[in-house]
Amino acid sequence: MSAQSATTGTSAVGSDAGTAAVELAIGGMTCASCAARIEKKLNRMDGVEATVNYATEKAKVTYQGSEVSVDDLIATVEATGYTARRPAPPAAARRPGGGTANAPARGAEGSDPAESAEDPGLTTLRQRLITAVVLAVPVIAMAMIPALQFDYWQWLSLTLAAPVVTYAAWPFHRAAWTNAKHGAATMDTLISVGTSAAFLWSLWALFFGTAGMVGMTHPFEFTIARSDGAGNIYLEAAAGVTAFILAGRYFEARSKRKAGAALRALLELGAKEVTVLRDGVETTIPTAELQVGDRFLVRPGEKIATDGTVVEGSSAIDASMLTGESVPVEVSTGDTVTGATLNAGGRLVVEATRVGTDTQLARMAQLVEDAQNGKASAQRLADRISAVFVPIVITLALATLGYWLGNGAGLTAAFTAAVAVLIIACPCALGLATPTALMVGTGRGAQLGILIKGPEVLETTRRADTIVLDKTGTVTTGRMTLQTTHTTHTTTETDVLRLAGALENASEHPIAQAVATAATTTVGPLPTPEDFANVPGLGVQGTVEGHAVLVGREQLLAEWEIRLPAALAEAKRAAEAAGRTAIAVAWDGEARAVLEVADAVKETSAEAVRRLRALGLTPILLTGDNRAVAESVAAEVGIDEVYAEVMPQDKVDVVKRLQAEGRSVAMVGDGVNDAAALAQADLGLAMGTGTDAAIEAGDLTLVRGDLNAAADAIRLSRRTLSTIRTNLFWAFAYNVAALPLAAAGLLNPMIAGAAMAFSSVFVVGNSLRLRTFKGA
């Protein structure tokens, strides 16, 4: 972006007295050297740790509130020659009533001003580019084609080139001057010095040399032509380089905005208004005014305003916008729903449980932005190189000038080679290599329900060779479901489910609810039991449709002197051997059925395990359940190595043991008991459907709660890392190969400028290919 461009919008968290964090929008950065310089200045302050990202134009700063204020941070940035914006005051983030404003809505509303604030900068950059292209094309054409070199053509070239080198290239000159006042040199210094030198040389040749004479001609050459220089002008180089570099800057600016579109789209998902129920009256208010405990109405086709619990109604929820899950999820009273998802079915009344920055959408947005503001080790290396690169290049240009002059090549040859060195050296591609790939990769991940917490995670995914999978809630659904119904030859499955389901429906036990849910799905509305009684530790009993029904353990039937027939007894033994819970059903003094209830394996788990193996990972099942259950699940999904009956605190020890064997361990979990193991693992993948503790401990969050997302996350992370490496290779190789050619006089300055601009566009374009990444 040009020096006049500034990103709007800031945020701050933390207290003024202790450790605090602030995110400042930085204006005036034009290359990676700018970011490195600001970061260096901020980190020199006492108690300050700062990371400045050129691609997002933001500085993330952690500081001691007792020693440093936000004003001090802004002053340091401004003293360095750039601009910084203060964070929004707390009043803007919180309502007078004390509730936090709804972050998704605020972000969505804030995205428009942000974009409109960027538009003038982009518009001005486009105007400068158009000016440069329209005027530079005839200048280049006349310089390249001798047939167009009519009498006094050189003076027309000067007339056309002057606005290009002054007006169009003004952002480069202004940035170079600002940095020079602070004793620094950036990529803009190279551009300004190179184009100014070419233009001033041409002025000297026109007014004081022989270049201004009638009939002057010179051919356009790719190699150095030795002469005294007085009859040569380089207006085409000055104008052409300016046009090429402005084109690169413009398309970089547009591409950076596209790369950040995923975050803006994420913030736009939130509902803007909501209908709340207060004292039985429906009132429409902005979503930002919702408070925890408010009950709000969601009609069919409306977005759910915030995270909450259904208190009335049932419906199908389309969460594809948020999680990538294409199949709508059925919800009813007691189920939790997530803000920004779409009500595709009936009318719901939802009680808000999370608002503002606590919602899943707000957390997703924050995770994405944090990841985009971070830096991988490869990027830190690139920043260090770019910070010292400019002085080295200027020194090399002067050395090139001196070498050619000392070897009698002539002033023109020496000058041309030196200018080419200055122009070819601009490592904008180096500065964009990592940030753009990270922005696009993390943004695409968010669209697929994969949240990458930080860029260092990418490097870990490449090394991982073992993946430890928690069983409950990860490989399995985490909910008890009815698997199989065994009946005697005198009884039908429908009768069993109707009578047993009616009794179990009156119980709140998870196993009872599994039976009741299956019965409702299969049979429909269930009859209401009479004389219902819960027998602690054994089961339930009551009267349904005139039948005395017992549902529970075999001991409950034994108390009524009812024995299981041989077939049902065998079915019960087989179910328990497989780790399932067996429930006996009897009525009217006779055992009628055995029901098998278990935590069902997710439909996608077996396919996900196969895909993880294909990525070179060895899957291991880790669970606190008994070995029979664990081995049954492992066999079903294709896992060979099982750690069962492991206490929560021992899960960490299992991970440490695997690491001691030289393995690089990835861990997938969803519960509080997995949090420590997720933190211990080299790579922690937390199910977004799990607990906050697990999500906080993980390096990646899988919003969909589908194990296939783990394979997608690792594939996407590796692809992003590969893109970063390709970008860095291109940027380094380009500078290493091109500088000697320029110093040797083998590159015309205009060709050098075109190549430099192309390298930046190539890097951004290569990063944008990540948008085509497809999940399972």
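Residues numbered from 1 in each chain as written. Predicted model: local features only at pLDDT ≥ 70, side-chain atom pairs only at ≥ 80, totals over all residues. Heavy atoms only, no water.

**Quick notes on the sheet that holds strand β13 (residues 342–343)**
Convention followed: If DSSP finds at least two bridges between two strands, the strands pair. Helix numbering and strand numbering both begin at the N terminus, where a helix is a DSSP run of H or I of at least 4 residues and a strand a DSSP run of E of at least 2.
Taken together, 3 strands build an open sheet; the order of strands is β11-β10-β13 and the sheet is antiparallel. Edge strands, defined here as strands with exactly one partner in the open sheet, are β11 (329–331) and β13. Alignment of strand β10 (residues 315–318) against β11, held across 3 bridges, turns out to be antiparallel. Paired with isoleucine 317 across the two strands is valine 329, which belongs to β11.

**Things to note about the sheet that holds strand β17 (residues 476–487)**
Stated precisely, the cut-off is as follows: Orientation is described by lines fitted to C-alpha atoms, with helices fitted over the stretch in contact, and by angles between N-to-C directions that extend from 0 to 180 degrees.
Spatial ordering of the open sheet is given by β17-β22-β21-β20-β19-β18, a layout of 6 strands whose pairing is antiparallel. One side of each edge strand has no neighbouring strand; the edge strands of this open sheet are β17 and β18 (530–535). Along the sheet, successive strands turn relative to each other by an average axial angle of 20°, direction set aside. The pairing of β18 with strand β19 (residues 539–544) spans 4 bridges and is classified as antiparallel. Looking at β19, one finds that alanine 533 is bridged to glutamine 541.

**A short note on the packing of helix α17 (residues 493–504) against helix α18 (residues 510–523)**
Convention followed: Each angle gets one of four labels, with under 35 degrees taken as roughly parallel, over 145 as roughly antiparallel, 65 to 115 as roughly perpendicular, and the rest as oblique. Handedness of a crossing is defined here by the sense of rotation of the near helix relative to the far one, left-handed for an anticlockwise turn of less than a right angle and right-handed for a clockwise turn. When checking whether two residues touch, look at their non-hydrogen atoms; a contact exists if any pair is within 4.5 Å. For this scheme, ten residues count as nonpolar: Ala, Val, Leu, Ile, Met, Phe, Trp, Tyr, Cys and Pro. Four count as charged, namely Asp, Glu, Lys and Arg, and the remainder, Gly too, count as polar.
Where α17 meets α18, the closest approach of the two axes is 8 Å, and the angle between their N-to-C directions is 130°. In this view, α17 runs oblique relative to α18, as classed from their interaxial angle. The handedness of the crossing between α17 and α18 is left-handed. Within the contact between the two elements, α17 uses Thr494, Leu497, Arg498, Gly501 and Glu504 and α18 uses Ala512, Gln513, Val515, Ala516, Ala519, Thr522 and Val523. In the contact of α17 with α18, the residues fall into 6 nonpolar, 4 polar and 2 charged.

**Points about the UniProt feature "transmembrane region" (unreviewed entry) in the chain**
For clarity, the cut-off: UniProt positions are given in the numbering used here, feature names are shortened, and annotations may be inferred rather than shown by experiment.
In the numbering used here, UniProt assigns the "transmembrane region" (unreviewed entry) feature to residues 129–146, 152–170, 190–213, 233–251, 385–405, 411–434, 727–744 and 750–768. For residues 152–170, helix accounts for 89% and strand for 0%, while the C-alpha atoms at its two ends are 27 Å apart. The annotated region residues 190–213 carries 75% helix and 0% strand content, and the separation between its end C-alpha atoms amounts to 31 Å.

**Considering the packing of aromatic side chains**
Selection rule: Pairing of aromatic rings covers Phe, Tyr and the six-membered ring of Trp, with a centre-to-centre limit of 6.5 Å; geometry is then stacked below 30 degrees between planes, edge-to-face above 60, and tilted otherwise. For a ring to carry a charge above it, either NZ of a lysine or CZ of an arginine must fall within 6 Å of the ring centroid while also lying within 35 degrees of the normal to the ring plane.
Within the structure shown, the criterion is met by 1 aromatic pair. Look at tryptophan 155 and phenylalanine 207: their rings are 5.3 Å apart centre to centre, the planes differ by 80°, and that puts the pair in the edge-to-face class. Taken as a pair, tryptophan 155 in helix α5 (residues 153–168) and phenylalanine 207 in helix α7 (residues 187–207) lie far apart in primary sequence, 52 residues in all. Directly above the aromatic system of tyrosine 167 lies the positively charged group of arginine 128, at a separation of 4.8 Å from the ring centroid.

**Focus on a nonpolar patch on the surface**
Quick reminder of the rule: Any residue with relative accessible area above 30% and no salt bridge may belong to a patch, with like charges joined within 9 Å and the nonpolar Val, Leu, Ile, Met, Phe, Trp and Tyr side chains within 5 Å. Accessible surface area values rest on a Shrake-Rupley calculation with a 1.4 Å probe, where residue burial reflects the displayed protein chains alone. Salt bridges are defined by distance alone: a side-chain nitrogen of Lys or Arg within 4 Å of a carboxyl oxygen of Asp or Glu. Each residue gets one of three labels from its accessible area relative to the maximum for its type: buried under 20%, exposed over 50%, partly exposed in between, using a 1.4 Å probe on protein chains only.
Nonpolar side chains collect at one region of the surface, where Met144, Ile145 and Leu148 lie side by side and expose about 240 Å² of accessible area between them. Structurally, leucine 148 is set in the loop between α4 (103–144) and α5. Of the residues examined, leucine 148 reaches a relative accessible area of 37% and is grouped as partly exposed.

**What to know about the confidence of the model for the chain**
Put simply, the test is: One confidence number per residue, pLDDT, is output by the predictor and ranges from 0 to 100.
When pLDDT is averaged across the chain, the result is 78; 78% of the residues are at 70 or more. The model gives residues 222–229 a pLDDT under 50, and that stretch makes 19 contacts with residues more than four places away or in other chains.

**Observations regarding the pattern of salt bridges**
Note on pairing: side chains with opposite charge can pair once their charged atoms come close. Counted under the stated rule, the structure contains 22 salt bridges. The closest approach of N and O atoms between glutamate 282 and arginine 299, which form a salt bridge, is 2.9 Å. You can see glutamate 282 sitting in strand β7 (residues 281–286) and its partner arginine 299 sitting in the loop between β8 (295–298) and β9 (308–312), a full 17 residues away along the chain. Judged by its relative accessible area of 41%, glutamate 282 is partly exposed. With its nearest N and O atoms 3.6 Å apart, the salt bridge here joins arginine 299 to glutamate 302. The exposure class of arginine 299 is partly exposed, given its relative accessible area of 32%. Given a relative accessible area of 28%, glutamate 302 falls into the partly exposed group. In the salt-bridge network here, residues are joined through shared partners; they are Glu282, Arg299 and Glu302.

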